[in-house]
Amino acid sequence: SQTIHQWPATLVQPVGSPLSLECTVEGTSNPNLYWYRQAAGRGLQLLFYSVGIGQISSEVPQNLSASRPQDRQFILSSKKLLLSDSGFYLCAWTPGLATGELFFGEGSRLTVL
Amino acid sequence: GQQVMQIPQYQHVQEGEDFTTYCNSSTTLSNIQWYKQRPGGHPVFLIQLVKSGEVKKQKRLTFQFGEAKKNSSLHITATQTTDVGTYFCARTALIFGKGTTLSVSS
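Below or above, wherever it landed, is the structure these notes cover. The structure displayed is predicted, hence computed values, not measured ones.

Contacts between the two partners involve 21 residues from chain A and, on the opposite side, 16 residues from chain B. Of the roughly 1500 Å² buried at the junction of chain A and chain B (both faces included), carbon and sulfur atoms supply 59%. When the buried surface of chain A facing chain B is broken down by residue, Leu44(A), Leu102(A) and Phe104(A) rank first, second and third, together holding 29% of it. Where chain A touches chain B, the interface holds four residue pairs in polar contact (both at pLDDT 80 or more). Listing elements by their share of the side of chain A that touches chain B, those giving two or more residues are strand E4 (32–38), strand E5 (45–52) and strand E9 (87–94) of chain A. Its residues assigned to classes, the side of chain A that touches chain B shows 11 nonpolar, six polar and four charged.

Residues and elements named next belong to chain A. Burial of the side chains of strand E11 (residues 108–112) is restricted to one face: Ser-108, Leu-110 and Val-112 are buried, whereas none of Arg-109 and Thr-111 on the reverse face is. Inspection of the sheet shows strand E2 (residues 10–13) paired to E11 by four bridges, in the parallel sense. The residue of E11 that forms the bridge with Val-12 is Thr-111. Across three bridges, the pairing between E9 and E11 is antiparallel. Across the sheet, residue Phe-88 finds its bridge partner in E11, namely Arg-109.

Residue and element names in this part refer to chain B. Residues Phe-19, Thr-21, Cys-23 and Ser-25 point to one face of strand E3 (residues 19–25) and are all buried, whereas Thr-20, Tyr-22 and Asn-24, pointing to the other face, are not buried. Here strand E1 (residues 4–7) pairs with E3 via four bridges, running antiparallel. Counted as the bridge partner of Val-4 is Ser-25 from E3. Relative to strand E8 (residues 71–76), E3 is paired through six bridges, and the arrangement is antiparallel.

This paragraph deals with the sheet that holds strand E3 (residues 19–26) of chain A. Residue and element names in this part refer to chain A. Read from one edge of the open sheet, four strands run E1-E3-E8-E7, paired in antiparallel fashion. With one partner strand each, in any of the chains shown, strand E1 (3–7) and strand E7 (64–70) form the two edges of the open sheet. Put simply, the sheet's adjacent strands are angled 15° from each other on average, direction ignored. One ladder, built from five bridges, connects E7 with strand E8 (residues 73–78); its direction is antiparallel. Considered in E8, the bridge of Ala-66 is made with Leu-76.

A word on the sheet that holds E3(B). Residues and elements named next belong to chain B. Across the sheet, which stays open at both edges, the five strands sit in the order E1-E3-E8-E7-E6 with antiparallel pairing between neighbours. Because the sheet does not close on itself, it has two edges, and the strands there are E1 and strand E6 (55–58). Neighbour-to-neighbour, the strand axes of this sheet turn through a mean angle of 15°, independent of strand direction.

Our focus in this paragraph is the packing of aromatic side chains. Each aromatic ring pair is described using two quantities: the centre-to-centre distance and the angle formed by the ring planes. By the definition in use, this model includes 12 aromatic pairs over all chains. Ring geometry for Tyr36(A) versus Phe96(B): centroids 5.6 Å apart, planes at 75°, classification edge-to-face. Of the two residues, Tyr36(A) is situated in strand E4 and Phe96(B) in strand E10 (residues 95–96); the pairing between them involves two chains. Look at Tyr36(A) and you get buried, because its relative accessible area is 1%. Their ring planes at 75° and their centres at 6.3 Å tell us that Phe104(A) and Phe96(B) sit as a pair that is edge-to-face. Of this pair, Phe104(A) sits in strand E10 (residues 103–104) while Phe96(B) sits in strand E10, placing the two residues on different chains.

About the cut-offs
- Residues numbered from 1 in each chain as written.
- Chains lettered and ligands numbered in written order.
- Predicted model: local features only at pLDDT ≥ 70, side-chain atom pairs only at ≥ 80, totals over all residues.
- Heavy atoms only, no water.
- Contact = heavy atoms within 4.5 Å.
- Buried area = accessible area lost by both parts, 1.4 Å probe.
- Polar contact = N/O pair within 3.5 Å; in protein donor to acceptor, adjacent residues only side chain to side chain.
- Helix = DSSP H or I, 4+ residues; strand = E, 2+ residues; numbered from the N terminus.
- Nonpolar A, V, L, I, M, F, W, Y, C, P; charged D, E, K, R; others polar.
- Buried < 20%, exposed > 50% of the residue type's maximum accessible area, 1.4 Å probe, protein only.
- Pairing = 2+ DSSP bridges.
- Axes fitted to C-alpha atoms, helices over the stretch in contact; angles between N-to-C directions.
- Phe/Tyr/Trp six-rings, centres within 6.5 Å; stacked < 30°, edge-to-face > 60°.

As structure tokens, then:
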């Protein structure tokens with residue numbers, strides 16, 4: 001069966017520090033991968049999605065970036081965090097870009113101080 | 001554009017009361033998905049509706065897709081404290097509604 005792992009679960013970072021969140025999917029090939037951010041009490045904001053290795057689409061311009069070095073690995077990064085980057089980050093995958101159930105990871109809660 | 005609007009944003013009910021959240025689009029939807037996110041948790045898929053006028057039930061939850069495929073609703077009968085959370089509709093993985101947060105008091 002397919003599983004999705006996301007880490008770290010919680011982190012507290014100072015403003016200006018770098019960020020790296022990692023997500024891996026097991027049990028499937030060629031998944032479509034997504035990064036979302038959820039501010040406190042808010043909806044899901046799509047940040048990036050990827051349909052294949054090295055293919056990244058950005059939905060919101062900001063100081064975050066994403067990479068997909070391997071088929072089932074998706075990384076969210078920042079060189080310098082801002083206070084506004086605080087939130088709940090969710091990785092997810094689907095078998096198809098516009099269809100099919102989204103499977104979410106457990107999420108990473110980031111607090112920037 | 002392709003956004004989906006959800007109402008209400010928040011709803012508080014007494015345990016045993018019914019609850020409904022609505023999802024509306026200005027353009028025709030090929031399908032609509034519903035997710036539930038418990039407090040502190042991650043969204044979990046509930047259902048996908050595809051056909052015009054479709055109605056699906058999952059125990060106390062009833063999902064409807066409008067005849068024009070521009071709106072959808074989720075109705076919970078006789079809410080329980082386990083129903084607490086935020087309910088999202090999504091037209092694709094790329095476009096989510098802002099969600100309706102349900103709180104239930106016993």
